[in-house]
Amino acid sequence: VTLALLVRRGHEVERKEIDLSLLTILTSAPAPLPALALRLAVQLEVAKGSDQVHINFGEVLLERLSARSNTTRYHSTEIHCALWLSAEFAPAEAVAYVTPFLQHVDAVVSAAAWRCLRCLLFCRDEDDQEALQLQRRAAVQRALRALRAWSREELLSIDTFARAAEAVEVLRWSVEAGVENAKQILESGILVSMAKSFKASHLGLRRSLLRLLSALLAANFTDAAPVIFKAGLWTSVVSACEDLTVEEGNDELGELDVLTVKTDVVLLVIQGTGEDSQLLLWLSKSTALLQQWQWTLQSLGVAVQKQVGGHGLLRVANLLRLHLAALLRFMELPIEDSDFLFSWQVTVALGEALQADMPMETQQLATAALVSWAAIRMKEVSETGDSAALATLGTRASQHLLRVLSGHDAGAGIGLAECAAAANLFASSSQAAFSAAKQLPELSALLQQLSEQRRHQQLIWVMRVFFAMLISSEDALEGARAEGLLTSVLLALRSSADRDQALCLEFLEQLFHLSGQLQEELFQSELLSWLMRLSTKRQLASAAFCCVMDILCLCSDVLAGKPLLFRYLGQLMEAIRSLSKTTTLPVRWKSKRLVAAMNFISSLRLCSRSAAILTGAASGDSGTRRHLSAPLGAGLDLWFDFAGETPKGDIHGIPVRNAALRLLLALSEALPKASVEAWPRLMPLLQDRHCAGGEKRLDPREGLLQRLAEDDSRAAALCEAWMR
């Protein structure tokens, strides 16, 4: 007793000496010392080893089992301890001495015998595999006979449920050991009797039954799924968990035990769904499956907060990890149930799984689930979900991202999944983006650090997170502007964009979403002039060129009347002229470039000076002007060439023609009417009844006609005829 107390209080005691002392007592001491030694061995959890002491320990246990094999009523505690230890230490031939105790009158001894039999047959590798398989088949037959023989009252009794649960565990382990055993269990009809007593069964027996069903589905899904369905087990399994509630302080229905059973139910349903979502759809409509799942996630969130820093956190984290895996599978199925998927319980569970105290495996699975969850949520038209839960999730996601990226060296593709999860989350929820804005200084410092280290792959993903936060939340954007973080980040990204084409394209796409709100910042930081220089580079990708033009379109107000614009218009005209003559670009991208450039020009508030540059009456570089009645230059002919009739079947020429017509309309509004009427190619163009876009309402010629028809009856008649 003193020895046991010393060990249990944490004192340093040589365990080998303890084991040797126990072995001596078991072999030579008079009664009742051997029985006490067995109890002490169970309490101290004697470590299994390969030395001679532990081999002798197993032989002693075998001897005691053989001596008590004819006893059925006496020495229950001693036999129980011997069976418990024999599962670890007894040799393989102990199976013959364990079998008589399977039907012992003491249910505790019977349960220990079933456990010992399971461990001896399925936890060890024997040389004689043929004999081992025969023993396993015999054990399955004994378990099936026992489950049939035990009456329903015995299965529901608290005193005897343990042996039934251990017998079911023997069946489960046998299924996991071979498919033939699964077929034997399915054909035995035992599942039908299980369905009748499932709801009223004890908690431990329910867990064993759920695990057996899971093993059957994993071993032979094709045969097991119909049998389980016909037996009515699906509704029994789901409805049986509705009456389970968390009762703190009750050993029978402990909080984590209840959560474990409910978790097993969810996993079993997801597993049984397979590739067909009909089962899950049916159960979600006919039972309270999804409501029970929400309750379980809510209780897990509370349990995590209770167990932070405690010994039970690992078990809670494992349960949460299983639910995250089930959520991933649920999101893969074509089931549209936003009320469940975007409920605050699911949001809280994702946030709790991203805590720093959670195991890394749980955090990684939560990241993968968050990527899909937020991507589906982005498709929602309106903002849904609990604001507080979303705010907490946003904070946890950003903190987790910074932890991952700050803990690894350059060169590793670390943090990409975390960046994708955070970017999707911020794009789908303004509350999450605003809550995560507290990490903007750390995020901007990380961006500048990655830019200096030229870690372009990680820089692209962190940039997506940064811009997703600013695009989704106006408050976050204003905070970044006020603190000067935005300008410093934009300048750092500009220098990196000059070195990497993929990074440049991503930077332009993200900048496009904010350019309408950041016109002054882009102009003052000379990013607009950088964009103009970038668009004149010959090696610039067509997608990047079109994106630059789109950004400049959104910044047309701040460019109006600036000398920078006049110089750029001349350069852009030369680029368009050379582009129209090139044959190296594919026709599709050539058309996209021309349309993007002319759309930018059409978006400008053209003045007389810019109009003169576009018509060729003045130079973009020198800014010299000629009288508007002077002969027109080649600039105007360029736009009329693009606006001319498109050859039949040329689908790429139709957008170019419409863009040129819009440009001519913009020019006509910037010039006096007399100058527009003097365009020699205007009237033939307007008299052409062919509509470039296929529909008259899309043709900008209507605007040109209305512009000319203000004081001209001839043009008004032409406009009326064209409209008819």
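Everything that follows concerns the structure shown earlier in this document.
Conventions used here
- Residues numbered from 1 in each chain as written.
- Predicted model: local features only at pLDDT ≥ 70, side-chain atom pairs only at ≥ 80, totals over all residues.
- Heavy atoms only, no water.
- Helix = DSSP H or I, 4+ residues; strand = E, 2+ residues; numbered from the N terminus.
- Buried < 20%, exposed > 50% of the residue type's maximum accessible area, 1.4 Å probe, protein only.
- Contact = heavy atoms within 4.5 Å.
- Areas by Shrake-Rupley, 256 points an atom, 1.4 Å probe, with all protein chains shown as cover.
- Arc of directions from axis to C-beta.
- Core = buried A, V, L, I, M, F, W, Y, C linked by side-chain atoms within 4.5 Å.
- Phe/Tyr/Trp six-rings, centres within 6.5 Å; stacked < 30°, edge-to-face > 60°.
- Lys NZ or Arg CZ within 6 Å of the ring centre and 35° of its normal.
- Salt bridge = Lys/Arg side-chain N within 4 Å of Asp/Glu carboxyl O.
- Axes fitted to C-alpha atoms, helices over the stretch in contact; angles between N-to-C directions.
- Left-handed = near helix turned anticlockwise from the far one by under 90°.
- Nonpolar A, V, L, I, M, F, W, Y, C, P; charged D, E, K, R; others polar.
- Parallel < 35°, antiparallel > 145°, perpendicular 65-115°, else oblique.

Caption draft 1: Expanded view of the overall build of the chain. Scanning the chain from N- to C-terminus turns up 43 helices and zero strands. By residue count, 52% of the 724 residues in the chain fall in the buried class. Within the chain, residue pairs in contact and separated by at least 24 positions form 71% of the contacts whose partners lie at least 6 positions apart. With an accessible surface of roughly 33,100 Å², the chain has 51% of that area assigned to carbon and sulfur atoms.

Caption draft 2: Molecular detail of helix 17 (residues 278-286). Along helix 17, the positions that sit buried rather than exposed are Leu279, Leu280, Leu283 and Ser284. Projected onto a plane normal to the axis of helix 17, the buried residues spread over an arc of 125° and lie on a single side.

Caption draft 3: Here's a closer look at the side chain of glutamine 292. Structurally, glutamine 292 can be placed in helix 18 (residues 289-307). The buried category is assigned to glutamine 292, whose relative accessible area is 18%. Once residues within four sequence positions are removed from consideration, glutamine 292 is found in contact with Cys241, Glu242 and Lys262.

Caption draft 4: Spotlight on the nonpolar core. In terms of nonpolar packing, the biggest core is built from 217 residues, with Trp373, Phe600 and Trp639 touching the most fellow members. Looking at this core, the element that brings in the most residues is helix 19 (residues 313-332), giving eleven residues. Contacts of tryptophan 373, omitting those with residues within four sequence positions, involve Met331, Leu341, Phe342, Val346, Thr347, Leu350, Leu390, Leu393 and Leu425. Grouped together as the second largest cluster of nonpolar side chains are nine residues, Ala37, Ala41, Ala82 and Phe89 included.

Caption draft 5: Local environment of the packing of aromatic side chains. By the definition in use, this model includes nine aromatic pairs. A network of ring pairs unites the aromatic residues Phe466, Phe467, Phe507 and Trp530 as a single cluster. Over the ring of phenylalanine 523 we find lysine 562; its NZ or CZ atom is 5.4 Å from the centre of that ring.

Caption draft 6: Representation of the pattern of salt bridges in the model. In total, this model carries twelve salt bridges according to the counting rule given. As a salt-bridge pair, glutamate 169 and arginine 172 come within 2.7 Å of each other at their nearest N and O atoms. Of this pair, glutamate 169 and arginine 172 both sit in helix 10 (residues 161-177), separated by three residues, roughly a single helical turn. Across the pair, arginine 172 and glutamate 169 agree in class, each one buried. Note that arginine 329 and glutamate 332 form a salt bridge whose closest N and O atoms lie 3.2 Å from each other. You can see arginine 329 and its partner glutamate 332 sitting in helix 19, three residues apart, about one turn around the helix. Relative accessible area serves as the criterion here: at 56%, glutamate 332 is assigned to the exposed category. The network of salt bridges with common partners includes Glu169, Arg172 and Glu176.

Caption draft 7: Spatial organisation of the packing of helix 32 (residues 527-535) against helix 33 (residues 542-554). Between helix 32 and helix 33, the least distance of the axes is 10 Å, while the angle of their chain directions is 145°. When you trace helix 32 past helix 33, the crossing you get is left-handed. Here helix 32 contributes Leu528, Leu531, Met532, Leu534 and Ser535 to the contact with helix 33, which in turn contributes Phe545, Val548, Met549, Ile551 and Leu552. Of the residues in the contact of helix 32 with helix 33, the class split is nine nonpolar, one polar and no charged.

Caption draft 8: Expanded view of the side chain of serine 473. Among the structural elements, serine 473 can be located in the loop between helix 27 (456-472) and helix 28 (474-482). For serine 473, a relative accessible area of 3% corresponds to the buried category. Contacts of serine 473, omitting those with residues within four sequence positions, involve Ser430, Ala433 and Phe434.

Caption draft 9: Focus on the packing of helix 13 (residues 203-219) against helix 16 (residues 255-273). At a minimum axis separation of 10 Å, helix 13 and helix 16 run at an interaxial angle of 20°. When the interaxial angle is binned, helix 13 and helix 16 end up roughly parallel. The hand of the helix 13/helix 16 crossing is left-handed. Between helix 13, through Leu203, Arg207, Leu210, Arg211, Leu213, Ser214, Leu217 and Ala218, and helix 16, the contact on the second element is made entirely by Asp257, Val258, Thr260, Val261, Asp264, Val265, Leu268, Gln271 and Gly272. Here the contact of helix 13 with helix 16 is composed, by residue class, of nine nonpolar, four polar and four charged.

Caption draft 10: Summary view of unusual backbone geometry. Residue arginine 454 is not a glycine yet carries a positive backbone phi of 60°. Mapped onto the fold, arginine 454 is located in the loop between helix 26 (440-453) and helix 27. You can call arginine 454 exposed: its relative accessible area is 53%. Non-glycine residue glutamate 526 carries a positive phi angle of around 65°. You can see glutamate 526 is positioned in the loop between helix 31 (519-524) and helix 32.

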